Amino acid sequence: SNFTEATTNKNTKYLHTYKSPVCVGITDLNGKYIIPPIYSEITPYGDDFYIVTQNHKYGCISMNPKFTLLCKYDWLGAFEDERLPFKENNKYGFL
């Protein structure tokens, strides 16, 4: 595996881990996968929250509280008043 520098979030430090040139995941500092290396892109967004991309669709993963939104959205925007804007099948809304 190939490691980048640690990403320090509010509560935990993570390492971005590259499984292959096209798959990326995140491990803790001990090498244990926190997010499996199945995504084409992982973008940190705030503390303990990540926007993930898989097969040209977007989802998100929160570490605290722990939850995952499947990669089924055409677009995910920035949080607004604790709501996450999305686009799915040419329709827009908030999660």
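Scoring rules and cut-offs
Residues numbered from 1 in each chain as written. Predicted model: local features only at pLDDT ≥ 70, side-chain atom pairs only at ≥ 80, totals over all residues. Heavy atoms only, no water. Phe/Tyr/Trp six-rings, centres within 6.5 Å; stacked < 30°, edge-to-face > 60°. Lys NZ or Arg CZ within 6 Å of the ring centre and 35° of its normal. Pairing = 2+ DSSP bridges. Helix = DSSP H or I, 4+ residues; strand = E, 2+ residues; numbered from the N terminus. Core = buried A, V, L, I, M, F, W, Y, C linked by side-chain atoms within 4.5 Å. Buried < 20%, exposed > 50% of the residue type's maximum accessible area, 1.4 Å probe, protein only. Contact = heavy atoms within 4.5 Å.

Colleague: Talk me through the packing of aromatic side chains; I want residue IDs and the actual numbers.
Modeller: In the structure shown here, the tally under the stated rule is four aromatic pairs. Centre to centre, the rings of Tyr 45 and Phe 49 are 6.2 Å apart; their planes meet at 70 degrees, and the pair counts as edge-to-face. Here a set of aromatic residues connected by ring pairs shows up, and it is made of Tyr 45, Phe 49 and Phe 67. Sitting over the face of the ring of Phe 94, Arg 83 holds its NZ or CZ atom 4.0 Å from the ring centroid.

Colleague: Could you give an account of the pairing of strand 4 (residues 33-39), naming the residues involved and the relevant values?
Modeller: Here three bridges tie strand 3 (residues 24-28) to strand 4, and the two strands are oriented antiparallel to one another. Pairing of Thr 27 across the sheet is with Tyr 33, part of strand 4.

Colleague: Give a description of the nonpolar core that names residues and reports values.
Modeller: If you look at soluble globular proteins, the nonpolar side chains tend to sit buried side by side. Counting residues in hydrophobic clusters, the biggest one holds 10 residues: Val 24, Ile 26, Ile 35, Tyr 39, Ile 42, Tyr 50, Val 52, Ile 61, Met 63 and Cys 71. For this core, the secondary-structure elements that each account for two or more residues are strand 3, strand 4, strand 6 (49-54) and strand 7 (57-63). Residues within four places of Val 52 in sequence aside, it is in contact with Tyr 39, Glu 41, Ile 42, Lys 57, Tyr 58, Gly 59, Cys 60, Ile 61 and Cys 71. Residues Ile 51, Cys 60, Leu 76 and Leu 84 belong to the second largest nonpolar core, which totals seven residues.

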